[in-house]
Amino acid sequence: MTYLTFRLARSSDLWLHAADYPGSHVIVRNQNRKEIPGRTLIEAAQLAAKFSQASSDPKVNVHYTQRKFVSKIKGGAPGLVRLASFKTITVEPKESGQRMGVKQDAVEL
């Protein structure tokens, strides 16, 4: 998590994580600093939910924010972060599209 969030992600990239559950953090690149399409937000949130300990729940709250609002907690457990500002979306945990690949209709963000 630390490497992805604090080394690879840029400040304008979108950061997502299942609320109140351990699990994967998801980063959506936003190099052009434009608004992330709604479908992209939903699919990224579904992935964050799917790869969390809430994956068997029918609906999962996922927090999302720009990477610049995510910070480490000094002395905190690995993966524990503080969010200065965030929004929440509720989604069904699932995978969509090709895993680790680019869909034909994907747009470079």
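Provided above is the structure to which this section pertains.
The paragraphs below set out a description of the structure included in this document. (Residues numbered from 1 in each chain as written. Predicted model: local features only at pLDDT ≥ 70, side-chain atom pairs only at ≥ 80, totals over all residues. Heavy atoms only, no water.)

1. Some details on the nonpolar core
If you look at the biggest cluster of nonpolar residues, it comprises 17 residues, and the most contacted ones within it are Leu14, Leu16, Val62 and Ile89. Sorting the residues of this core by element identifies β1 (14-18), β2 (25-28), α2 (38-50), β3 (60-66) and β6 (87-91) as the ones contributing at least two each. Ranked by residue count, the leading element in this core is α2, at five residues. The contacts of leucine 14, once residues within four sequence positions are left out, are Val26, Ile27, Val28, Ile36, Leu41, Tyr64 and Thr65. (Core = buried A, V, L, I, M, F, W, Y, C linked by side-chain atoms within 4.5 Å. Buried < 20%, exposed > 50% of the residue type's maximum accessible area, 1.4 Å probe, protein only. Helix = DSSP H or I, 4+ residues; strand = E, 2+ residues; numbered from the N terminus. Contact = heavy atoms within 4.5 Å.)

2. Quick notes on α2
Under the 1.5 Å per step criterion, the end-to-end length of α2 is 18 Å for 13 residues, consistent within 8% with the ideal 18 Å. Restricting attention to buried positions, one finds in α2 the residues Leu41, Glu43, Ala44, Ala45, Gln46, Ala48 and Ala49. Summarising the contacts, the buried residues of α2 are in contact with β1, β2, β3 and β6. (Expected span 1.5 Å × (residues − 1).)

3. Some points on the sheet that holds β2
A sheet is described by the order of its strands in space; here four strands give the open sequence β2-β1-β3-β6, paired in antiparallel fashion. Each edge of the open sheet is held by one strand with a lone partner, namely β2 and β6. The average undirected angle you get between the axes of adjacent strands in this sheet is 30°. Two elements, β3 and β6, share five bridges in a ladder whose sense is antiparallel. Looking at β6, one finds that valine 60 is bridged to valine 91. Its contacts with the sheet place α2 against β1, β2, β3 and β6, and it is angled at close to 40° to β1. (Pairing = 2+ DSSP bridges. Axes fitted to C-alpha atoms, helices over the stretch in contact; angles between N-to-C directions.)

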